[in-house]
Amino acid sequence: MTKETTTFVTQENLPAELIEQDQWVCWRSEKRDGKQTKIPVVPGEGSFASSTDPDTWSDFETALDFVTNERADGIGFVFTQDDPIVGVDLDDCRDPETGDVDEDAQDIIERLDSYTEISPSGTGYHVLINGDLPEGRNRRGHIELYDTARFFTVTGDRVGNTPGHVKRRQDALEAIHREYVQLLSENKEPKRNERTSVRDDTSTATTPAVSLEDNELLKKAKNASNGPKFERLWNGNTAGYDSNSEADMALCCLLAFWTGGDTAQMDTLFRQSGLLRAKWDEVHYADGSTYGEKTIERAIEATSEYYDPSPRNESTQAKLETEPGTADVDTDEPDRRNAYLIEKNQLLSTRVSELETMIEHKDERISELEAKVEDLSAELSARSDEGDREQGQQTGGTKDNSDNTSLLSRTRRLFSGNSE
């Protein structure tokens, strides 16, 4: 794994279109689940930032100052619906030692011909353009396109011979989206070096290009053999699931199948379902991910088969969509069990983490209470000694006993509250 280095940027080597926006966060690199993760933090404060909460963003100068004082590892720009900027993330396509670039990445950079910089790890590129992100999936293998609710790390390490500003490139964006993201599996195989992961190779080779409109997708999903299950979840019925989170995951797994793993369409559809709660947009993870983002990510990881609209599968697909009693359309029986187990394990792991945090807080509280008990016991002992010395004086003895009784009562109430 390539070590990420802290990058100091200046106003001079960044596009003015970015500098003038108050859409900046900082980030720290931390190890989570065995992987280095960029955690967004609030400039000037250091608490968790969110790509969907403007109150956690700042102007460029504040963010840069926070990094300059070594309180964060870098800065990042947040994409919103109010700006025309689209980010193209090309990952694992550059050799940080030799500077060699994959052919696909080089082709994309040249055709977009806009501000392009090297990523913090040195193994990829970020291209920023003005345009409107086409509908459909936004990720395929090592290529990702973002226009809202995400942040890009910004290094200012601009690639030579690329413009120093963000240019309007709508036609090129649509062509690249069509060739590399939406229709990649039909047109070409990705060229990747030895750093390409097995997961990404498999997904690009086996995931069909699904481009169903929302209404058409919902119609097919409800008419499939497992349509009743889909419709119950779609209407917000969580019967048969131990928690709302499990029901959320189940619906997202079905949506992953029908959308071909299109995160944007999955999110759009889930928001129309009866399962949508305020929790969907809440940040629940240290890397700044919302509950909804992580649920979609896990559902895609747990889905091994996708709806295939190609003609060669027409008869099989029609049977699955219309005949009751046939196998579920999402996976066959062994894969379905495996996906369910993966889903359960992920939910249990999350619950275990929550319980561990709760136990830590309770342990701290118990330690505080034990310290108070020690103080009270010492006070009680001191009062008992004083009572012994003043034994024989009835008034004083009566007062001490009353005090001791009161103190003992306080101690019992303290222990009683702790046990509860």
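Residues numbered from 1 in each chain as written. Predicted model: local features only at pLDDT ≥ 70, side-chain atom pairs only at ≥ 80, totals over all residues. Heavy atoms only, no water.

Draft legend 1. Spotlight on the overall build of the chain. Each helix and strand in the chain was counted, giving 14 helices and 10 strands. For the chain, the proportion of its 420 residues judged to be buried stands at 44%. Within the chain, counting contacts between residues at least 6 apart in sequence, those at least 24 apart form 72% of the total. Here the chain displays about 22100 Å² of accessible surface, and carbon together with sulfur accounts for 45% of that area. (Helix = DSSP H or I, 4+ residues; strand = E, 2+ residues; numbered from the N terminus. Buried < 20%, exposed > 50% of the residue type's maximum accessible area, 1.4 Å probe, protein only. Contact = heavy atoms within 4.5 Å. Areas by Shrake-Rupley, 256 points an atom, 1.4 Å probe, with all protein chains shown as cover.)

Draft legend 2. Spotlight on the pairing of strand S1 (residues 24–32). With 4 bridges joining them, S1 and strand S3 (residues 74–79) adopt antiparallel strand pairing. The residue bridging Trp27 from the neighbouring strand is Gly74, located in S3. Here S1 runs beside strand S2 (residues 35–41); their pairing, made up of 7 bridges, is antiparallel. Within S2, the residue paired with Trp27 across the bridge is Pro40. (Pairing = 2+ DSSP bridges.)

Draft legend 3. The pairing of strand S4 (residues 85–90), seen in detail. With 6 of its 6 residues buried, S4 lies for the most part within the structure. Burial along S4 is two-sided: Ile85, Gly87 and Asp89 and Val86, Val88 and Leu90, pointing in opposite directions, are all buried. In this sheet, strand S6 (residues 125–130) lies alongside S4 in antiparallel orientation, the contact comprising 6 bridges. Its bridge partner being in S6, Val86 is matched across the sheet by Ile129. In terms of strand pairing, S4 meets strand S8 (residues 143–146) through 4 bridges, oriented antiparallel. Counted as the bridge partner of Gly87 is Tyr146 from S8.

Draft legend 4. Local environment of the pattern of salt bridges. Going through the model one piece at a time under the given rule, you end up with 12 salt bridges. Across the pair Arg150 and Glu293 runs a salt bridge, and its minimum N-O distance is 3.1 Å. With Arg150 in strand S9 (residues 150–154) and Glu293 in helix H11 (residues 291–302), this residue pair connects regions lying 143 residues apart in the sequence. We note a salt bridge from Arg277 to Asp248, for which the minimum N-O separation is 2.5 Å. Here Arg277 is found in the loop between helix H10 (263–270) and H11, whereas its partner Asp248 is found in helix H9 (residues 244–259), with 29 residues between them in sequence. Through salt bridges with shared partners, a single ionic network connects Asp107, Arg111 and Glu179. (Salt bridge = Lys/Arg side-chain N within 4 Å of Asp/Glu carboxyl O.)

Draft legend 5. Structural detail: the sheet that holds S1. Across the sheet, 4 strands lie side by side as S2-S1-S3-S9; this open sheet has antiparallel pairing. Pairing within the sheet leaves two strands with one partner each, and these edge strands are S2 and S9. Taking the axes of each pair of neighbouring strands and ignoring which way they run, one obtains an average angle of 45° across the sheet. Across the face of the sheet, helix H2 (residues 60–68) comes into contact with S1, S2 and S3 while running at roughly 35° to S1. (Axes fitted to C-alpha atoms, helices over the stretch in contact; angles between N-to-C directions.)

Draft legend 6. Broad picture of the packing of helix H7 (residues 214–223) against helix H8 (residues 227–234). As a packed pair, H7 and H8 sit with axes 6 Å apart at the nearest point and diverge in direction by 125°. With respect to their mutual orientation, H7 and H8 come out oblique. Residues Leu218, Ala221 and Lys222 of H7 form the contact with H8, whose own contacting residues are Gly227, Phe230, Glu231 and Trp234. Among the residues forming the contact of H7 with H8, the class breakdown is 4 nonpolar, 1 polar and 2 charged. (Parallel < 35°, antiparallel > 145°, perpendicular 65-115°, else oblique. Nonpolar A, V, L, I, M, F, W, Y, C, P; charged D, E, K, R; others polar.)

Draft legend 7. A look at the packing of aromatic side chains. Counted under the stated rule, the structure contains 11 aromatic pairs. Taking 5.1 Å as the distance between ring centres and 70° as the angle between the ring planes, the aromatic pair formed by Trp24 and Phe60 counts as edge-to-face. Here Phe60 lies in helix H2 and Trp24 lies in strand S1, a separation of 36 residues in the sequence. Each member of the pair, Trp24 together with Phe60, is buried. Relative to Tyr307, the ring of Trp258 lies with its centre 5.0 Å away and its plane at 35°, an arrangement referred to as tilted. Of this pair, Trp258 sits in helix H9 while Tyr307 sits in the loop between H11 and helix H12 (314–322); the two residues are 49 residues apart in sequence, bridging distant segments of the chain. Taking relative accessible area as the criterion, Trp258 reaches 1% and is therefore assigned buried. (Phe/Tyr/Trp six-rings, centres within 6.5 Å; stacked < 30°, edge-to-face > 60°.)

Draft legend 8. Seen up close, the environment of Phe257. The topology assignment puts Phe257 in helix H9. We classify Phe257 as buried; its relative accessible area is 3%. Each C-alpha atom, one on Phe257 and one on Ala299, is 9.3 Å from the other, the two residues being 42 residues apart in sequence.

Draft legend 9. Here's a closer look at H11. The terminal C-alpha atoms of H11, which comprises 12 residues, lie 16 Å apart, in line with the 16 Å expected from a rise of 1.5 Å per residue. Along H11, the residues that are buried comprise Tyr291, Gly292, Lys294, Thr295, Ile296, Arg298, Ala299, Ile300 and Ala302. (Expected span 1.5 Å × (residues − 1).)

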